[in-house]
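Descriptive analysis of the structure
The residues making up each chain are set out below.
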Amino acid sequence: MKEYTVIYERGPRNWSAYVPDLPGCIATAKSRKAIERQVREAIEFHIEGLRLHGEEVPEPSIEAAVVNVEA
């Protein structure tokens, strides 16, 4: 099992997500809960497509963190 970093972005009417280690792997949904499901499916589908085309599946390498600052 591999663990990929996902970036979630809240929009005015929906959520979107992308996977930096898998260029082109994106998802959108109306809620945070739904986007988590959608992006998991998108990752699985993306990896399946890479394998079907004989392409290498990138190893996870991106890390993310939250940094608190005085604003």
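Quick note: structure is the one above.
Overview of the structure. Fair warning: this is a prediction, and the values are worked out from it, not measured in the lab.

For the rest of this paragraph, the subject is the nonpolar core. Nonpolar side chains in soluble globular proteins tend to be buried together. In this structure, Y4, V19, L22 and I43 are the most contacted members of the largest nonpolar core, which totals 17 residues. Broken down by secondary-structure element, the contributors of at least two residues to this core are β2 (15-18), β3 (26-29) and α1 (32-52). For this core, the leading source of residues is α1, giving 7 residues.

Next up on the list: the packing of aromatic side chains. One pass over the full model with this rule turns up 0 aromatic pairs. Taking NZ or CZ as reference, R32 lies 4.1 Å from the ring centre of Y8, over its face.

If you trace the backbone, K2 turns up in the segment before β1 (7-10). The class of K2 is partly exposed, set by a relative accessible area of 38%. On a C-alpha basis, the gap between K2 and I26 in space is 17 Å, while along the polypeptide they are 24 residues apart. When near neighbours in sequence (up to four residues on either side) are disregarded, K2 contacts V57, E59 and P60. Looking at K2, its side chain comes within polar contact range of the side chain of E59, at 2.8 Å.

A word on α1. Compared with an ideal rise of 1.5 Å per residue, which puts 21 residues at 30 Å, α1 spans 30 Å between its outermost C-alpha atoms and is within 8% of the ideal. By the burial criterion, the buried members of α1 are A34, I35, V39, A42, I43, H46, I47 and L50. Looking at the packing, one finds that the buried side of α1 touches β1, β2 and β3. Downstream of α1 by one or two residues, G54 has phi in the positive range, about 70 degrees.

What follows is about the pattern of salt bridges. In the structure shown here, the tally under the stated rule is 2 salt bridges. Measuring nitrogen to oxygen at the nearest pair gives 2.8 Å for the salt bridge that ties E59 to K2. Note that E59 is positioned in the segment after α1 and K2 in the segment before β1, a separation of 57 residues in sequence. By relative accessible area, E59 is classed as exposed at 52%. Taking the shortest distance from any N to any O, the salt bridge between E36 and R32 comes out at 2.8 Å. With E36 and R32 both in helix α1 and 4 residues apart, the pair spans about one turn of that helix. Judged by its relative accessible area of 36%, R32 falls in the partly exposed class.

The rules behind each value
- Residues numbered from 1 in each chain as written.
- Predicted model: local features only at pLDDT ≥ 70, side-chain atom pairs only at ≥ 80, totals over all residues.
- Heavy atoms only, no water.
- Core = buried A, V, L, I, M, F, W, Y, C linked by side-chain atoms within 4.5 Å.
- Buried < 20%, exposed > 50% of the residue type's maximum accessible area, 1.4 Å probe, protein only.
- Helix = DSSP H or I, 4+ residues; strand = E, 2+ residues; numbered from the N terminus.
- Phe/Tyr/Trp six-rings, centres within 6.5 Å; stacked < 30°, edge-to-face > 60°.
- Lys NZ or Arg CZ within 6 Å of the ring centre and 35° of its normal.
- Contact = heavy atoms within 4.5 Å.
- Polar contact = N/O pair within 3.5 Å; in protein donor to acceptor, adjacent residues only side chain to side chain.
- Expected span 1.5 Å × (residues − 1).
- Salt bridge = Lys/Arg side-chain N within 4 Å of Asp/Glu carboxyl O.

In short, geometric facts, not functional conclusions.
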